[in-house]
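Chain by chain, the residues run as shown.
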Amino acid sequence: MNTPNQNDPHLLYQALLTRDKRYDGKLFFAVTSTGIYCRPICPAPKPKPQNVLYYADAQTAAMAGFRACKRCRPETRPGSPAWEGTKATVSRALRLLAAADGPESLSALSDKLGVTDRHLRRLFKEHLGKSPMEIKQQNRLSLATTLLADPDASIANVAFASGFQSLRRFNDVFKQAFGTAPSQWRKSCPPL
């Protein structure tokens, strides 16, 4: 998508007022009364139209003498963790949870990410609708179902290879998730 027509201040101001995400990274606005430039999605109160100048990139706004907003970080490049915001934290957490040697507890995960347990749970609920440990459990069960397809692997080996600390816990979680024991599930699977 192209930037709005630089000659149409009404259209540019509408993109700003509506916090139109389509223009994020393609349009920057500077406020002459404050000396700050922002992204169109910035949650800061919107300025009066007569106090706004529009720029195609952050560097041009900075060269014109405006400083970057501390809320929306317009000086960062699109796609960077700072640009992505909380989505970047969740993505990094998902990578850590998917790793075989990933953190075992919520506190270990949040320590690794440099956030609090509570904040991490809130981010997961907001972005994924589940808690970090529910995602970890899903990853383990997904791996377990793949490993159970191998008839030569023992149920105990599958449990430990999937990240469960005990066979009993594995059986309980598996039965709760799939309504059947791992051995019964294996029997119902088609051979490889």
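Refer to the preceding data block for the structure.
All residue numbers refer to position in the chain's written sequence, counted from 1. Under the rules for a predicted model, residues below a pLDDT of 70 receive no local features and side-chain atom pairs below 80 are neither given nor counted, while totals for whole chains, interfaces and linings still include all residues. The side-chain values count all of the structure's non-hydrogen atoms but skip hydrogen atoms and water molecules.

Peer 1: Is there a simple way to explain the nonpolar core in this structure?
Peer 2: Nonpolar side chains tend toward joint burial in soluble globular proteins. The nonpolar core is taken to be a set of buried Ala, Val, Leu, Ile, Met, Phe, Trp, Tyr and Cys residues, with the residues joined through side-chain atoms within 4.5 Å. Think of it in three bands: residues with accessible area under 20% of the maximum for their type are buried, residues over 50% are exposed, and the middle band is partly exposed, with areas taken using a 1.4 Å probe on protein chains only. Judged by nonpolar contacts, the single largest core of 15 residues is most densely connected at L16, L27, F29, C38, C42, V52 and Y54. At the level of secondary structure, the elements contributing two or more residues to this core comprise α1 (9–17), β1 (28–31) and β3 (52–55). Counting from the N terminus, the helices are DSSP H or I runs at least four residues long and the strands are E runs at least two residues long. It is α1 that provides the largest number of residues to this core, a total of four residues. Apart from residues lying up to four places away in sequence, F29 is in contact with L16, I36, Y37, C38, R39, P40, K46, P47, V52, L53 and Y54. L141, A144, L148 and W185 belong to the second-largest nonpolar core, a separate cluster that totals 12 residues. Throughout, a contact is declared for two residues whenever any of their heavy atoms are within 4.5 Å.

Peer 1: What's the story with unusual backbone geometry in this structure? I'm lost.
Peer 2: One can expect most non-glycine residues to show negative phi and most peptide bonds to be in trans. The backbone phi angle of R19 is positive, close to 50°, even though this residue is not glycine. Backbone geometry places R73, a non-glycine residue, at a positive phi of 50°. Take R73: it is sitting in the loop between β4 (67–68) and α3 (81–84).

Peer 1: What is the right way to read the pattern of salt bridges from this model?
Peer 2: Two side chains with opposite charge may pair up if their charged atoms get near one another. We define a salt bridge as a side-chain nitrogen of Lys or Arg found within 4 Å of a carboxyl oxygen belonging to Asp or Glu. Across all of its chains, the model carries three salt bridges by this definition. Between R22 and D20 there is a salt bridge; the shortest N-O distance is 2.6 Å. For R22, a relative accessible area of 47% gives the class partly exposed. Between R39 and D24 there is a salt bridge, with its nearest N and O atoms 2.6 Å apart. Remark: D24 occurs in the loop between α1 and β1 and R39 occurs in the loop between β2 (36–38) and β3; sequence separation between them is 15 residues.

Purely geometric numbers; function is a separate question.
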